[in-house]
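Coordinates in review
Residues per chain, in single letters:
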Amino acid sequence: MVSFDTKSYSKKLLHLISWSHWFTFFNILAAIALSSYYLFSEAAPTTLFGQVYLITTWVSHIAFLTFMSFVLVLFPLTLILPHTKFIRTSGSIIFTIGLLLLVLDGFIYSRLGYHLNASSSGQIISLLQDIAKDNSLFYTISGSLIIVILGFEFVVSNYAWKHLKQLQKTVFARFVIFALVLSFFFSHVSHIWADANLDYDILRQDTALPLSYPATAKTLLTKYGLFNIEDYIERKNSPLSFSHAIPNYPTIDSGLCPNESAVTAPTNSTFLILTEQQISTTQLNQFIRRASATSLHLTNNIDTGLNDDAWFNLLYSLPSIYQQDILKQSVKPLLFQRIELQALATSLTVISDEFSATGQDDAIEANVAVIEPRWFEGLFSEKTELANVSSLLFAEKLNNKAPGLHIIYFKNSHAIDANKIVKNQSQYQFELFVDALLLAQKQKIDKDIIWISSIGNQSNDTRLNTKPALFIYPQPVKATKDVTFNTSNMDLQPTLMSQWLSCNVSSHSNGSDLPSLNKDRVIANTTDNGIIVFDKDKSVFVDQNGNFQSYSRQFSSPITVNADFPLMIDGVHFIKKFTQQENP
């Protein structure tokens, strides 16, 4: 009796295992067919060797992943519960889920540039929600796809079970398996050679397939055009730059803003209060209490620029990597173009101890070089240099300024007296002026727009930190809102264009209209040494050598983190947004 049961069990188990092998074989063919979508998501390799590698690594890698699904899931399940109906049903469901994940992964990769992963689940879910919202057939197509794949699994399962003896006599599967194994070894040996010789045509394919080779930050940045391919080997110490020409900067007079003649010029002004000192949340809360209009408290505002880079980010609403090429085009920012068309005023007032008699004497004694005018100063029709704000504190003077854009810039003093740095009074001057401006607003019927933020970083140590900012704009009812989404100084231009000058330019910049911002986003910028990326809860710096560094808000210091390539790719997509838009 025991012997008979044992033989019956063994025969039944061997029959199920044989069936599962053929069932897996058919799923390997199906997975290879479905995964061909990945081949069209990337540019084709330029060399014959690269093309052969692409085909061999594609078929062998997908076959390996499918076979591992059998080894890790279906095979153990068969050994534990060798019941025919249960195993056949379970196998169909398991491979249906696997093929659906493959289709979903291919779609995500074509849209976002990376595969399914936990660290970017927020961006993936947001993408699917946006697609479902814009396309009413999304759920119908998704449901139909599930039914088709599940139906395919049941048909294949039934066919393999009923024709198992005939399938075991066939020889074609042996040649297919031999070709897949040969492709597996060829692709791995080829990748080892390419890695040793820095063959970019091979290495750039590292991320094309799910669960494939781990790519490096250098390879990915080159792949997305932030390094020149010809300089791939020598680029270790090269600054970031586009490997292709960027589009021409747009102009307002080319019809960017519709019905320009029908829009009347605003009668109020915009004040930008900028300081090189870091602003605290406590200071901004004090300003909010004095404001007489709607206040957007930007708790996670981002400013990663150094010196003139920060001004370029602010005024052009573009990452720093565009600065050199855009400034060569000699085209003013869209904000200034619109202001000029509507005959509004522009003024830049710089407040610094350097302009006092004492500061100038100290600079002369310290042999400080004369600073040349900065590129952005030429954008303004009026420029004023003051040692303090005493002449600006009168409500009558502030409220009688000509309608237009007025920037009050509190610049740090760099004068040196003997062996100590002269104490900088700009922070006190800054608070004094903001208080006076907000009090003056209470006397105006037509309220002005006010932006208050720091600008630039004194050193690289603060680049990975967020700096709060405040945006105040006229609304019928006073309200205060803490904006917890990631924001940036690059949001200034599209916000002013929309809220003040009745023109939407978000598609031609990297910023967004702040009052209409309703979801989080990844924000990134470039420096001479790498790329900085900000997610909802962390900031990451990727240097030229591919090292990842993050900023810990808990410890207020940089920390080393594991490579987060999906986040880096999101940052690259943000940086390249301007190159992918179509200028009018």
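As a starting point, this report considers the structure included with it.

Looking only at helices and strands, the protein chain has 18 helices and 17 strands in total. Looking at the protein chain as a whole, 49% of its 584 residues are labelled buried. Within the protein chain, counting contacts between residues at least 6 apart in sequence, those at least 24 apart form 76% of the total. When the accessible area of the protein chain is evaluated, it comes to approximately 28200 Å², of which 59% is carbon and sulfur surface.

Let us now look at helix α4 (residues 121-134). For α4, with 14 residues, the first-to-last C-alpha span of 20 Å sits near the 20 Å given by 1.5 Å per residue. Along α4, the residues that are buried comprise Ile124, Leu127, Ile131 and Ala132. End-on view of α4: buried residues confined to an arc of 130°, all on one side of the axis. Facing away from the buried side of α4, by more than 90 degrees, are the exposed residues Gln129, Lys133 and Asp134. Considering only its buried residues, α4 is in contact with α3 (84-112) and α5 (138-162).

If you roll a probe as big as a water molecule over the atoms, it shows you where there is empty space left. Enumeration according to the criterion identifies three cavities of 30 Å³ or more in this entry. There is about 50 Å³ of room inside the largest cavity. Residue lining of the largest cavity: Ile302, Asp303, Thr304, Asn313, Ser488, Asn489, Met490, Ile523, Ala524 and Asn525, and that is the complete set. Among the elements that take part in the lining of the largest cavity, strand β13 (residues 523-527) stands out by supplying three residues, more than any other.

As a further point, take the packing of aromatic side chains. Between two aromatic rings, the relevant description is the distance of the centres plus the angle of the planes. Counted by the stated rule, this structure contains 33 aromatic pairs. Here a set of aromatic residues connected by ring pairs shows up, and it is made of Tyr249, Trp311, Phe312, Tyr316, Tyr322, Trp375, Phe376, Tyr409 and Phe578. The ring of Phe541 has Arg463 sitting right over it, with the charged end atom 4.6 Å from the ring centre.

Volume-wise, the largest pocket comes out at about 1100 Å³. Lining the largest pocket are 29 residues, with Leu112, Lys519, Asp520, Arg521 and Val522 positioned closest to its centre. Secondary structure elements with two or more residues in the lining of the largest pocket: α3, α4 and α18 (565-575). In terms of residue count, α4 provides more of the lining of the largest pocket than any other element does, five residues in total. Along the lines of polarity and charge, the residues of the lining of the largest pocket split into five nonpolar, 13 polar and 11 charged.

Attention shifts here to unusual backbone geometry. At Ser317, a position not held by glycine, the phi torsion is positive, near 60°. Along the polypeptide, Ser317 turns up in the loop between α11 (308-316) and α12 (323-328). For Ser317, a relative accessible area of 0% gives the class buried. The phi angle at Ser502 is positive, at roughly 55°, despite the residue not being glycine. On the secondary structure map, Ser502 appears in the loop between α17 (492-499) and β13.

Sheet strands line up and pair through hydrogen bonds in the backbone, either parallel or antiparallel. Read from one edge of the open sheet, eight strands run β5-β4-β6-β1-β9-β10-β2-β11, paired in mixed fashion. Unpaired on one side and paired on the other, β5 (382-386) and β11 (480-483) mark the two borders of the sheet. Between one strand axis and the next, the sheet turns by 15° as a mean value, whatever way the strands run. As defined by bridge partners, strand β4 (residues 345-351) adjoins β5 across five bridges and the pair is classed as parallel. Across the sheet, residue Ile351 finds its bridge partner in β5, namely Leu386.

For the rest of this paragraph, the subject is the nonpolar core. Within the largest apolar cluster, 82 residues are counted, with the highest numbers of intra-cluster contacts made by Trp311, Ile326, Leu335, Ile407, Trp451 and Met497. Ranked by the residues each element gives to this core, the list is headed by α18, at seven residues. Once residues lying within four places of it in the same chain are set aside, the contact partners of Met497 are Ile252, Cys257, Leu334, Leu335, Arg338, Ser502, Cys503 and Val505. In terms of nonpolar packing, the next biggest core, distinct from the first, is built from 25 residues, Phe287, Val389, Leu398 and Phe430 among them.

Let us look at α11. By the criterion of burial, α11 is predominantly enclosed, with seven of the nine residues buried. Among the residues of α11, Ala310, Trp311, Phe312, Asn313, Leu314, Leu315 and Tyr316 are the ones counted as buried. Ser317 lies just past α11 and shows a positive phi near 60°.

One pass over the structure, following the stated rule, counts nine salt bridges. We note a salt bridge from Asp448 to Lys444, for which the minimum N-O separation is 3.1 Å. A salt bridge links Arg521 to Asp491; the shortest N-O distance between them is 2.6 Å. Taken together, the residues Arg521 in the loop between α17 and β13 and Asp491 in the loop between β12 (487-488) and α17 connect sequence positions 30 residues apart. The pair formed by Arg521 and Asp491 is uniform in burial state, with each residue classed as buried.

So, about the environment of Gly305. Relative to the helices and strands, Gly305 resides in the loop between β3 (301-302) and α11. Residues Gly305 and Thr526, spaced 221 residues apart in sequence, show a C-alpha to C-alpha distance of 8.3 Å. Apart from residues lying up to four places away in sequence, Gly305 is in contact with Ala310, Asn313, Gly456, Asn457 and Asn525.

To describe two helices that pack against each other, one gives the angle between their axes and the distance between the axes. As a packed pair, helix α2 (residues 48-80) and helix α7 (residues 172-197) sit with axes 8 Å apart at the nearest point and diverge in direction by 125°. One element, α2, and the other, α7, form an angle in the oblique class. The two elements α2 and α7 meet at a crossing, and its hand is left-handed. Contacts from Phe49, Val52, Tyr53, Thr56, Thr57, Val59, Ser60, Ala63 and Phe64 of α2 reach α7 at Leu180, Ser183, Phe184, Phe186, Ser187, Ser190, His191 and Trp193. Among the residues making up the contact of α2 with α7, the classes are represented as 10 nonpolar, seven polar and no charged.

Two elements in contact, α3 and α5, have axes separated by 9 Å at closest approach and are oriented at 140°. In terms of axis orientation, α3 runs oblique to α5. Relative to α5, the crossing made by α3 is right-handed. On α5, the residues that touch Thr84, Arg88, Ser92, Phe95, Thr96, Leu99, Leu100 and Val103 of α3 are Leu145, Ile146, Ile149, Leu150, Glu153, Phe154, Ser157, Asn158 and Trp161. Partitioning the contact of α3 with α5 into residue classes produces 10 nonpolar, five polar and two charged.

The rules behind these values
Residues numbered from 1 in each chain as written. Predicted model: local features only at pLDDT ≥ 70, side-chain atom pairs only at ≥ 80, totals over all residues. Heavy atoms only, no water. Helix = DSSP H or I, 4+ residues; strand = E, 2+ residues; numbered from the N terminus. Buried < 20%, exposed > 50% of the residue type's maximum accessible area, 1.4 Å probe, protein only. Contact = heavy atoms within 4.5 Å. Areas by Shrake-Rupley, 256 points an atom, 1.4 Å probe, with all protein chains shown as cover. Expected span 1.5 Å × (residues − 1). Arc of directions from axis to C-beta. 1 Å grid on protein atoms, 1.4 Å probe; cavity = no way out; pocket = protein on both sides within 12 Å on 5 of 7 lines; lining within 4 Å. Points joined across faces, edges and corners; volume = space filled by probe spheres on them. Phe/Tyr/Trp six-rings, centres within 6.5 Å; stacked < 30°, edge-to-face > 60°. Lys NZ or Arg CZ within 6 Å of the ring centre and 35° of its normal. Nonpolar A, V, L, I, M, F, W, Y, C, P; charged D, E, K, R; others polar. Pairing = 2+ DSSP bridges. Axes fitted to C-alpha atoms, helices over the stretch in contact; angles between N-to-C directions. Core = buried A, V, L, I, M, F, W, Y, C linked by side-chain atoms within 4.5 Å. Salt bridge = Lys/Arg side-chain N within 4 Å of Asp/Glu carboxyl O. Parallel < 35°, antiparallel > 145°, perpendicular 65-115°, else oblique. Left-handed = near helix turned anticlockwise from the far one by under 90°.

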